[in-house]
Amino acid sequence: MGRGWCLALAVASGASCATACTTDRLGVPAAPAADVELLVAAPAGIDCIDVRFEDAAGRATSRQAAIGAEGRARLQNIPVGAYQITARAYAAGDCSVVPASPPWITVAPVLLVLDAADGPATVTLQLFRARPTFDVTTLVVPWRGSFLANAMGDYLGDGSTVVLFGGPSFQNERIPFKAIRIGRDGALSDVTATLIVGAPAAVHARRALAIDLNGDGRLDFYSANHGWDHDPFPGETPTLLLSRPDGRLEDASATLPPINLFQHTTAAADVRGNGRIDILVGQLGMQNNPGLPDIYRGPNVVGDFVGPFMLRNDGAGGFAYDNTSLP
């Protein structure tokens, strides 16, 4: 795969969803299909991926997709089951046209499980590193959720990469976030208790950011959550973990506006040009907040239904609600 690495995942979480790489499960548990979002590390110019799914009986199906932002490739409508997957990344103007010969890069087989049978709740992480031959490191850790909201960076300040992630079990329960360290030597280790104070959790963590929000030079973590994905769709507040002087992440979610959201996306940038990183809060439609206080009303609010807004950073990780700056 050229220089870089691919992080692959296989999850077995009881009767709920099980996933590989990054997975976005559609529908309810036991639905007949799922979407799979792979994290791909490929050289510049390699913009497509062809993935072959083969089950235990030798039946195979293929999907093609573009490699998008942050190396993400979404493969749609994969029947539930257990597969060996083999992928080829290649360059093409039309990803549905797979070249009969190189240039492409073949990815080693990875186990993918969708909707596993009852069993222990674990996640298996496999790190594939590009060398003259592939080098694979495997780690199995307890886990009840899926792998959905994720962000990565040198959270420990030691030159390693930490993948901080969360994701729903597709039951109406809060799932704590998990942190896995990828050492420079390729070793994988669970550093959740070392990095995170307490056990911050979300029912349905959707998208995440790794960025310095309190101005101390260390990475912080923000997760856009949307809560139980079934009627009456109550929404959920976001998760904010801020770095402390000792380098650990502490849950500061209670300092955010107490508004339930149905966030499907988020972004952060110096929106106002003052050196402070603000957060853009994206919504899927508008989220009902019965009895919404007047201080949270604005152009993107209809009745008690709240739409997208901005969280204005004071530079130290304190955020103020702004419902007027977005169009």
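Since this is a predicted model, take the numbers as computed values, not measurements.

Draft legend 1. Representation of empty space enclosed by the protein in the model. This structure, assessed with the given rule, holds three cavities of 30 Å³ or more. What the second largest cavity holds in volume is close to 50 Å³. Lining the second largest cavity are Pro168, Phe170, Gln171, Val203, His204, Gly227, Trp228, Asp229 and His230. When the residues that make up the lining of the second largest cavity are grouped by side-chain class, the tally is four nonpolar, four polar and one charged.

Draft legend 2. Structural detail: the pairing of strand 19 (residues 239-243). Most of strand 19 is tucked away: five of the five residues are buried. Along strand 19, one buried face is formed by Thr239, Leu241 and Ser243 and the opposite face, lined by Leu240 and Leu242, is buried too. Here strand 18 (residues 220-225) runs beside strand 19; their pairing, made up of three bridges, is antiparallel. Bridge pairing in strand 19 places Phe221 opposite Leu241. Here strand 19 runs beside strand 20 (residues 249-251); their pairing, made up of three bridges, is antiparallel.

Draft legend 3. Looking closely at the packing of aromatic side chains. For the structure shown, the criterion picks out four aromatic pairs. Ring plane angle 85 degrees and centroid distance 5.1 Å describe the contact between Tyr296 and Tyr321, whose orientation is recorded as edge-to-face. Taken as a pair, Tyr296 in the loop between strand 23 (287-288) and strand 24 (301-302) and Tyr321 in strand 27 (residues 319-322) lie far apart in primary sequence, 25 residues in all. On the basis of relative accessible area, Tyr296 is assigned to the buried category, the value being 13%. Relative to Tyr321, the ring of Phe309 lies with its centre 4.8 Å away and its plane at 50 degrees, an arrangement referred to as tilted. Linking Phe309 in strand 26 (residues 309-313) with Tyr321 in strand 27, this pair joins segments that are twelve residues apart in sequence. You'll find Phe309 and Tyr321 in the same group, each marked buried. Here a set of aromatic residues connected by ring pairs shows up, and it is made of Tyr296, Phe309 and Tyr321.

Draft legend 4. Spotlight on the nonpolar core. The biggest cluster of nonpolar side chains holds 20 residues, and the ones touching the most others in it are Tyr222, Leu240 and Leu311. Looking at this core, the elements that each hand over two or more residues are strand 18, strand 19, strand 22 (278-281), strand 26 and strand 27. Beyond its immediate stretch of four places on either side in the chain, Leu240 contacts Leu213, Phe221, Tyr222, Glu250, Asp251, Ala252, Ser253, Thr255, Leu256, Gly317 and Phe319. Counting 16 residues, the second-largest nonpolar core is a separate cluster that includes Ala149, Leu164, Ala208 and Leu249.

Draft legend 5. Structural view of the sheet that holds strand 24. Taken together, three strands build an open sheet; the order of strands is 23-25-24 and the sheet is antiparallel. In this open sheet, the two edge strands, each paired with only one partner strand, are strand 23 and strand 24. The pairing of strand 24 with strand 25 (residues 305-306) spans two bridges and is classified as antiparallel. Each residue of the ladder has a partner; that of Val302, found in strand 25, is Phe305.

Draft legend 6. View of a nonpolar patch on the surface. Residues Met286, Val302 and Phe305 make up a contiguous nonpolar surface patch of roughly 260 Å² in combined accessible area. Checked against the element boundaries, Phe305 lands in strand 25.

Draft legend 7. Focus on the state of the cysteines. Tallied over the entire structure, the rule returns one disulfide. Across a sulfur-sulfur distance of 2.1 Å, Cys48 and Cys95 are joined as a disulfide pair. Here the disulfide of Cys48 and Cys95 is left-handed, its torsion about the S-S bond being about -70 degrees. Note that Cys48 is positioned in strand 4 (residues 48-54) and Cys95 in the loop between strand 7 (81-90) and strand 8 (104-114), a separation of 47 residues in sequence. Cys48 sits in the buried class, given a relative accessible area of 0%. Taking the relative accessible area as the measure of exposure, Cys95 reaches 14% and is therefore buried.

Conventions used here
- Residues numbered from 1 in each chain as written.
- Predicted model: local features only at pLDDT ≥ 70, side-chain atom pairs only at ≥ 80, totals over all residues.
- Heavy atoms only, no water.
- 1 Å grid on protein atoms, 1.4 Å probe; cavity = no way out; pocket = protein on both sides within 12 Å on 5 of 7 lines; lining within 4 Å.
- Points joined across faces, edges and corners; volume = space filled by probe spheres on them.
- Nonpolar A, V, L, I, M, F, W, Y, C, P; charged D, E, K, R; others polar.
- Buried < 20%, exposed > 50% of the residue type's maximum accessible area, 1.4 Å probe, protein only.
- Helix = DSSP H or I, 4+ residues; strand = E, 2+ residues; numbered from the N terminus.
- Pairing = 2+ DSSP bridges.
- Phe/Tyr/Trp six-rings, centres within 6.5 Å; stacked < 30°, edge-to-face > 60°.
- Core = buried A, V, L, I, M, F, W, Y, C linked by side-chain atoms within 4.5 Å.
- Contact = heavy atoms within 4.5 Å.
- Patch = residues over 30% accessible without salt bridge, like charges linked within 9 Å, V, L, I, M, F, W, Y side chains within 5 Å.
- Areas by Shrake-Rupley, 256 points an atom, 1.4 Å probe, with all protein chains shown as cover.
- Salt bridge = Lys/Arg side-chain N within 4 Å of Asp/Glu carboxyl O.
- Disulfide = S-S within 2.5 Å.

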